[in-house]
Amino acid sequence: MGVDVVLMQVTHRGTSPKKRRLTTVEFVQDGADLFSGLCVNSSLPMLNRVDPYRTQILTSVDMPQFISEVDATCDLVKGQRERDILE
């Protein structure tokens, strides 16, 4: 089962959760299970916690670590398909 990644922008107007708006910025579908396979085999903490059967929400605080782990993994993979999905 692949891991689909959705990058969302969250905007708030005021403090009410009703005024929260989510906008999809980017979407990557992992139909070939490439990203999920890289995560399962990763020794990096954030990527290793990715579970294809659950939803995992990362906040803006989590993003620098996530991006650095994806970049580090991209530097290690040999296949172009894996590199493409990480980019």
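Engineer: Can you walk me through helix 3 (residues 63–76) in this structure?
Structural biologist: For an α-helix the count is 3.6 residues per turn, leaving residues at separations of three or four pointing the same way. Given a rise of 1.5 Å per residue, 14 residues ought to cover 20 Å, and the 20 Å separating the end C-alpha atoms of helix 3 matches this to within 8%. For helix 3, every residue scored as buried is listed here: Phe66, Glu69, Val70, Thr73 and Cys74. Mapping the buried residues of helix 3 onto a view down its axis gives an arc of 140°, with all of them on the same face. Away from its buried face, by an angle of more than 90 degrees, helix 3 presents the exposed residues Pro64 and Asp75. Next to the buried residues of helix 3 lie helix 1 (34–40), helix 2 (45–48) and helix 4 (80–86).

Engineer: Help me understand the nonpolar core, please; the structure alone is not making it clear to me.
Structural biologist: Generally speaking, a soluble globular protein has its nonpolar side chains buried in company with each other. By size, the foremost hydrophobic cluster in this structure holds 14 residues, and its most contacted members are Phe35, Cys39, Leu47, Phe66, Val70, Ile85 and Leu86. Listed by contribution, the elements that provide at least two residues to this core are helix 1, helix 2, helix 3 and helix 4. With four residues, the single largest contributor to this core is helix 1. Excluding its chain neighbours within four sequence positions, the residues that come into contact with Val70 are Leu47 and Leu86.

Definitions and cut-offs
Residues numbered from 1 in each chain as written. Predicted model: local features only at pLDDT ≥ 70, side-chain atom pairs only at ≥ 80, totals over all residues. Heavy atoms only, no water. Helix = DSSP H or I, 4+ residues; strand = E, 2+ residues; numbered from the N terminus. Expected span 1.5 Å × (residues − 1). Buried < 20%, exposed > 50% of the residue type's maximum accessible area, 1.4 Å probe, protein only. Arc of directions from axis to C-beta. Contact = heavy atoms within 4.5 Å. Core = buried A, V, L, I, M, F, W, Y, C linked by side-chain atoms within 4.5 Å.

No statement about biological role is implied by the geometric values presented.
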